[in-house]
Amino acid sequence: MSTDQQSGPRLRPTEPTDDTGPGRTRAGDRDVPASPPTTPCTVVWSRGRPYVLESGSGRPRWMGTDHHGRPQSLTGEELRRRGWTYRRSC
């Protein structure tokens, strides 16, 4: 007798949906990342680091830190090219 069988229903992998919120793209659209949000104080993640949108005098900029902990400023276009998300990736 084998004990390799699981009890309960088997789960199938989920299919991608069209429920794409801001900053998320469908699997087929990965070549064209969505633009970052424009609401001040919004936090997004890029390359494992958080960035906050500051809108002082002048142009809005995304502030975060580099891998040495030094302040780093990015434009919306730079952030879009680097890739971003609302959630921290592992």
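Residues numbered from 1 in each chain as written. Predicted model: local features only at pLDDT ≥ 70, side-chain atom pairs only at ≥ 80, totals over all residues. Heavy atoms only, no water.

1. Focus on the environment of Asp66
Following the sequence through the fold, Asp66 ends up in the loop between β3 (61-65) and β4 (71-74). For Asp66, a relative accessible area of 12% corresponds to the buried category. Taking the C-alpha atoms as reference points, Asp66 and Pro50, 16 residues apart in sequence, are found 10.0 Å from one another. When neighbours within four sequence positions are excluded, Asp66 is seen to be in contact with Arg49 and Gln72. (Helix = DSSP H or I, 4+ residues; strand = E, 2+ residues; numbered from the N terminus. Buried < 20%, exposed > 50% of the residue type's maximum accessible area, 1.4 Å probe, protein only. Contact = heavy atoms within 4.5 Å.)

2. Focus on unusual backbone geometry
Non-glycine residue Cys41 carries a positive phi angle of around 70 degrees. Assignment of secondary structure puts Cys41 in the segment before β1 (43-46). One non-glycine residue, Arg47, lies in positive phi territory at about 55 degrees.

3. Some points on the pattern of salt bridges
In total, this model carries four salt bridges according to the counting rule given. Here Glu77 and Arg80 are joined by a salt bridge, their closest N and O atoms 2.6 Å apart. Here Glu77 and its partner Arg80 are both found in helix α1 (residues 76-82), three residues apart, which amounts to about one turn of the helix. The salt bridge involving Glu77 is made with Arg81; its shortest N-O contact spans 3.8 Å. Of the two residues, Glu77 and Arg81 are both situated in helix α1; the distance of four residues between them amounts to about one turn of the helix. What makes Glu77 partly exposed here is its relative accessible area of 39%. Three or more residues are tied together by salt bridges with common partners; here these are Glu77, Arg80 and Arg81. (Salt bridge = Lys/Arg side-chain N within 4 Å of Asp/Glu carboxyl O.)

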